[in-house]
Each structure stands twice: as C-alpha cells, then as structure tokens.
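Structural overview for review
Residues per chain are reported as follows:
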Amino acid sequence: MLERWGRTVHRLRWLVLGSSALLLALSGLLVAGGGELDDPEPLVTSEAGRASRLLNTQLPRPSGTPSGASFLILFESDTELATDPAFAAEVARAIAPLRTDPRVQTVRTYYDAPAQSGSLLSRDGHATAVSVTLRDFRSVADRYYEDLRRTVSSDRLRVFATGGLPIGHELNKTLDADLQRAELVSLPVALVLLALVFGTIVGALVPVGVGILAIVGGLGGVFLLSRFVDVSPYALNIVTLVGLGTAIDYSLFIVARFREELATGATTADALARAMGTAGRAVVFSGLTVAIGLSGMLFFEGTFLSSLGVAGAIVVGLAVVYALTFLPALLAILGPRVNAWRVPLPRRASSGRGIWHAIATAVMRRPLLVLVPTVAFVLVAGSPFLSMRLANADARTLPPQAESRRGYDLLVRAFPGQEQSTVTVVAHFPDGDPRSEEHVAHVRGLADAYGRLPDVLRVGTPVYGTHIAVLSVVSARPASSDDARELIRTLRGEGRVVVPADPADGEILVTGQTAFDLDTIDFIATRALRAVAFIIVLTYVVLLLLLRSVVLPLKAVMMNLLSIAASFGAIVWVFQQGHLAEQLNFTPQSLDPAVPVILFCIVFGLSMDYEVLLLSRIQEEYRRTGDNTLAVALGLERSGRLITAAALIMVAVFTGFALADVVIIKSVGLGMAIAVALDATLVRALIVPATMRLLGRWNWWPRAL
C-alpha cells in the first residue's frame, strides 16, 4: 500500500506540495494568533483540592479584605539595618509608586505597625519585606506585573520580588527563553550532523525542513487547543522537543533509503516507491508507538500532563503526515539532485561488511559473554532510581540567579517563621451549621488533639464559614520535609497517633503545600501502573502487526524498559543527589512527580524508533536469506550507521533542552539524551544482537517454526 502511495505522490507531487504549503500557512496563522497557556487547577478532586475549593467558596471574607494576587518585595543591605531611618526612608521612596498605583490594593510594611509585623523583618535586621496585594487575580495581574515591578528600584539597597506571581511570571519567561535557546542550539547541530551523514547539503536540508514544518504545525495545534481547554506552557517545549527529534528521524530514514535505492540504479519513481514501502512503513509504525507512549499521559487527567500528551501526539502525527506527503513530494521533485552540493568526506566501503557487521558478528559469537555484563551495567546505572523522592516543584525549579528565586532564598534563609509550615484543616458539615454546639465541641476537640502532636507549634483559633470550620496547624518542620508529610498522614488518621474521628454528619479534610505533595504523589502512583500497562500492551500489539512475530515485540519492550531504567537512575543521581549541580546550574532537589511520567511516556515511544527501523531491516534480510544470524548482522550493518546518526541528532536536540534553566525541562532533556544514547549503543549494538542470536529461529515464531 505504501509503495502505491509513493508512486501516487510522485505522480501528484506538485499538488501534494501545494497541500503541505496550505497546511503550513494555516499553522502559521494559528501560531501568529497565539493563545492563553496556563496549567489547570491542580487535583481538584483530591482531598487537598476539595478542601482548597471549600476555602475559596465557603469562607466569608471581611469587607475590604484583599482578594487579588499578592507578592513580596524584599530590601536588603550588607551594612545598614532595616530599622535605621535612612533605610526606612529609602524603602518608602522605592515603594511610593505602588501606593499610588490604581492596580494595587494594599501595601503593608514593617514600618506601618512594627509590633504586629515582626515577620517582615529579617532575623539579622539587614532586610525587610513589603507585602503587596493587587486588585486583580494572577491571570490578569501577570500581564502587567513586569511594568509594575519596574516602578520599584533603589540605588542603595538590593531589591528582590518573590512570591507566587513573580515566580510564575519568571517561570514562563524562562520557559520561553529555554525554548528559543534549544532551537538555536538544536537546529544548526542537527544540520551539521545530517550533512556529515549524507555527505550533501541538500540531503541534510530536507529533514531539517520537515522538522521545522512539524514544529510550526505542532505549535499551531497547541494554540488552537488552548482555545477550548487548559494547556500548560510546558506544552510548547514538548512540541519542540518531540517534534524536532521525530520529524528529523523519520525524514532521515526515508531520505537515506531513497538515496540507497537511487544508488542501485532505480528511477526516481521506483526509488520513492521502494523507500515508502520500507522506511515509510517503519515510520508509520514508529509514529504509532510514539503516539501510544505520549497518550499514556492522558491517564493523568486533571493535571497539566494530559495537555502535554495531546500536544506531543499532535506534533508526532504531523511529523508522520509531513514525512509521508511533503517529504516524498519534495524527493520526487529533487530526484538525484538530493545528492547535490556534496560535502568533501572520505569515501566509505559499500561491501556490506563494515564495522557494524563486525560488531554484530563478534557479539553473536559469544552472546552470553556480552549480554550478562551489559545488562548488569544498565541495571546498576538505573539503581539510584530506587531512592527517588518526589515533591511538587517550587521556586527552586528556577536557576539560582533568577530574581524571584534569589528573593525566595533570602526569605527562607533570613526571615522568621519560614522554616515552619502551615497545614489547613477543614471540618466540612454539608448539611449542618458548623457553629452548632455539637460541631463547635468537635472542632475544639480537634484543636486540642492537634496541639499535642509532635512538631506542632500551635493551632490557630477556628474560623467558621457557611458549612465549614477551619483550623490552621503550624508545624515546626519545612513543608517539603518527611516529618511534615508524616504530620499530614497523622491528621488524616493514617499515622501512629490517634486523632478524633470524623464527625458523624461531616468530614475532615487536610490541605496545604505538603498535603498537595502527598496527593500528587498518590495520584501519579495510582495511575502510573495503568498508564504503563496501556503503553506496553498497545505497543506490543502494534509491533506484532509490524513484525508478525510474538517474541520480537516482547524483546523490544524489554529493551526499552532497560533504557528507561538507566535514564531514571541518571536523573536521580544528577538532580536529586546533586552530582553536576554546579556544572548544570541548578539546586539539588526532589524530583517533580511529573518528570518520571513525562520521561517514561516520551522515551518509551522514541526508543521504538530505532527498534522499529532495526528490526524491520533485519526482518527484510531474514525474508531474503532465511538465516537468522546473517540477517541480524546484515540488518545491523545496513541500519547501524543510520541509527547512530539519528541518535546523535536526537541527543543533540535533547541536549539543547538539558541546557535549559528550568529544572523540569533540564531533567527531562538530560534524561532523554541519556536514554537515547544508551539505546542506540549498548542496547541496539550489543543487547539486541546477543538476544536475537540466543533466540535463533524463535525470533520469528510462529512463522519460522
């Protein structure tokens, strides 16, 4: 069917090319129109999410209470004390524009009421914080925050803005900068590598062109999607990360096979048909496996992960579409001119008995001697994954030099109370009055019991709403600590210390940063098994249809899991344990729960690119020769160099993202680069030939037996 499609495209090449141009124009219009990208409200159905919503809807706000976005502005000096009149005067001068700005609702300083504002003065007295509350919520305030921030400056004091609004605003700006940097690094490097692979400039430009088309289409699809559902800003990075890698890979496979067929003397039409029937077929199945991997993120509905899965699937779909339409149409027009503008490189032997044939033959001569230590090495590399610790990202996901991050670090380090955390307990009585005698007594009993728990400093006076009573439990432990997590479990009745049971006509809900951490980890864990099972089973079925073998798809899945295990171990070793922190410019921290999910879903699909190409070529040789050992050697020889080139390009693209400033993007980029590098070297060059030699004719069961 794909051979016939190749001939059809050759005959209608100008029409197909024009259709691709129209699709590109439509994508460009969508990109130019832009869209609002924002993460959905996190885990609204979890206990912490339900409690948070009750607080927002049922807790009355006194008249005049600030309700918009808020942030802090910190002023610091090495020599002056914040209590000095000159320091106070400089702060008053710096924030004067805020007091008269109509967008600002309140400005509160230490100097307004020193006795009640001790938390706004640092312990050493050399810094003070100013609390600013705006009239608008964050989604609106984010648009003018930067202009507002520029109105505050000082020639004598260091000034930092921090808090939810500044951190979120700077995170989005940093993501945009990371995206541009990754594109500037990845595209030129990919072009150079392609020129070295093909030995021609024209041959190198074609895959890069397809990559650009796929990215533009993917970005357009993301902005179109954002008009109907919440789409995370991270989706733009995923589109570029996945789109560039897959589009270039798919184009590389097809162009290489097209040139190979031309070299045998085939006409342009025959070469194109043959390339589409072989490499094109591999691209279709590879695209399916990548899309299946990305669709695993749809299991995490209600989080930003689901939008990443859809965005990734859109760009992969477009990469396949352009590889099967625009690319063959362009090759039909170029014909032998695809080899134009040659790069002066040493000529390679074309006997089919090169280095990859030698490696495969050597491995298959002693398969167990190669297989056992190689698999052991990969498993050892993945062992740090066993100590992985998860926590939702905070300001530390930004680079240490970012202003809001520097303000956050100063706040945590120097201001009183920042080493503590506050847990909010909501007693919810859906059909009752929380002020009734029975309910008030129950809430008082809760407060007394909570006050006796380890690490609890104090419990605030209950605040009553429509159907809720709210207690603030202040802990002596930081929100991200294990002790704080244990306190949440205790408050929820899961710990060793017994607390009063839920009231008969209501429920007790616990929320706050630590509670959201635990709920997020539980949410990821409960859905991860289903997502992994879905990806593995569906990928197995697709490979079964491609290879007509029961054994090879199972082997392919196992190979992918080895690569992923090693990459998981690497990101824990680097980002959690802190190795290379100085070189990569980040602060060691627990991994965001989204990172393992993103990494697994993307890497599992992308690793199949090489497995599909390699096994398709081995299958082709096996059908021709009927000799399993010879087929493996010839298949690896004829695809090994291509897989290596594709992996180098992928690693270059992913390394561009590993240079990102945002830790989540940096960790995903580095993890993917490591997985692809291992996959294309140790796995494909050593483990695959060794296992296929040991399995022998069983590789092709049931047809071969």
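Our subject in this report is the structure included herewith. (Residues numbered from 1 in each chain as written. Predicted model: local features only at pLDDT ≥ 70, side-chain atom pairs only at ≥ 80, totals over all residues. Heavy atoms only, no water.)

When helices and strands are tallied, the protein shows 22 helices and nine strands. Since a compact globule built from 705 residues should have a radius of gyration of about 27 Å, the 30 Å found for the protein is in line with a globular shape. Taken along the three principal axes of its C-alpha coordinates, the protein extends 90 × 55 × 50 Å. Buried positions account for 56% of the 705 residues belonging to the protein. The long-range fraction of contacts in the protein, counting pairs at least 24 apart against all pairs at least 6 apart in sequence, stands at 80%. The average position of the 61 basic charges and that of the 59 acidic charges among the side chains of the protein differ by 12 Å. (Helix = DSSP H or I, 4+ residues; strand = E, 2+ residues; numbered from the N terminus. Rg over C-alpha atoms; globule rule 2.2 N^0.38 Å. Buried < 20%, exposed > 50% of the residue type's maximum accessible area, 1.4 Å probe, protein only. Contact = heavy atoms within 4.5 Å. Lys, Arg positive; Asp, Glu negative; His and termini not counted. Charge placed at Lys NZ, Arg CZ, Asp CG, Glu CD.)

Right, let's talk about the sheet that holds strand E2 (residues 104–108) for a bit. Ordered by their spatial adjacency, four strands build an open sheet running E2-E3-E1-E4, and the pairing between neighbours is antiparallel. Looking at the sheet topology across the chains shown, the edges are occupied by E2 and strand E4 (158–162). Across the sheet, the mean angle from the axis of one strand to that of its neighbour is 20°, orientation sign disregarded. With seven bridges joining them, strand E1 (residues 70–76) and strand E3 (residues 127–134) adopt antiparallel strand pairing. Looking at the pairing, leucine 72 lines up with serine 131 of E3. Lying on the sheet, helix H14 (residues 403–414) is in contact with E1 and E4; it crosses E4 at an angle near 95°. (Pairing = 2+ DSSP bridges. Axes fitted to C-alpha atoms, helices over the stretch in contact; angles between N-to-C directions.)

Our next topic: a negative patch on the surface. Taken together, the side chains of Glu36, Asp38, Asp39 and Asp230 present a region of like negative charge at the surface. Of note, aspartate 39 is situated in the loop between helix H2 (13–33) and helix H3 (47–58). (Patch = residues over 30% accessible without salt bridge, like charges linked within 9 Å, V, L, I, M, F, W, Y side chains within 5 Å. Areas by Shrake-Rupley, 256 points an atom, 1.4 Å probe, with all protein chains shown as cover. Salt bridge = Lys/Arg side-chain N within 4 Å of Asp/Glu carboxyl O.)

The end-to-end C-alpha separation of H2 is 30 Å, in line with the 30 Å expected for 21 residues at 1.5 Å each. Listed in full, the buried residues belonging to H2 are Val16, Leu17, Ser20, Ser27 and Leu30. In a view along the axis of H2, the buried residues occupy a sector of 135°, so they form one face of it. Turned more than 90 degrees off the buried face of H2, the exposed positions are Trp14, Leu15, Leu22, Leu29, Ala32 and Gly33. Among the residues trailing H2, glycine 34 stands out with phi positive, at a value near 65°. (Expected span 1.5 Å × (residues − 1). Arc of directions from axis to C-beta.)

Glancing now at empty space enclosed by the protein. Here the structure, examined in full by the defined rule, presents two cavities of 30 Å³ or more. Quantified by volume, the largest cavity comes out at close to 110 Å³. Lining the largest cavity we find 15 residues, and of these Gln589, Ser590, Leu591, Asp592 and Val663 sit closest to its centre. In terms of residue count, the dominant contributor to the lining of the largest cavity is helix H22 (residues 663–695) (three residues). Split into classes, the residues belonging to the lining of the largest cavity amount to seven nonpolar, five polar and three charged. Estimated volume of the second largest cavity: approximately 30 Å³. Around the second largest cavity, the lining residues are Tyr234, Ile238, Leu308, Ile598, Ile664, Ile665 and Val668. Listing elements by their share of the lining of the second largest cavity, those giving two or more residues are helix H8 (234–263) and H22. Counting residues per element, the lining of the second largest cavity draws most heavily on H22, at three residues. Tallied by class, the residues present in the lining of the second largest cavity amount to seven nonpolar, no polar and no charged. (1 Å grid on protein atoms, 1.4 Å probe; cavity = no way out; pocket = protein on both sides within 12 Å on 5 of 7 lines; lining within 4 Å. Points joined across faces, edges and corners; volume = space filled by probe spheres on them. Nonpolar A, V, L, I, M, F, W, Y, C, P; charged D, E, K, R; others polar.)

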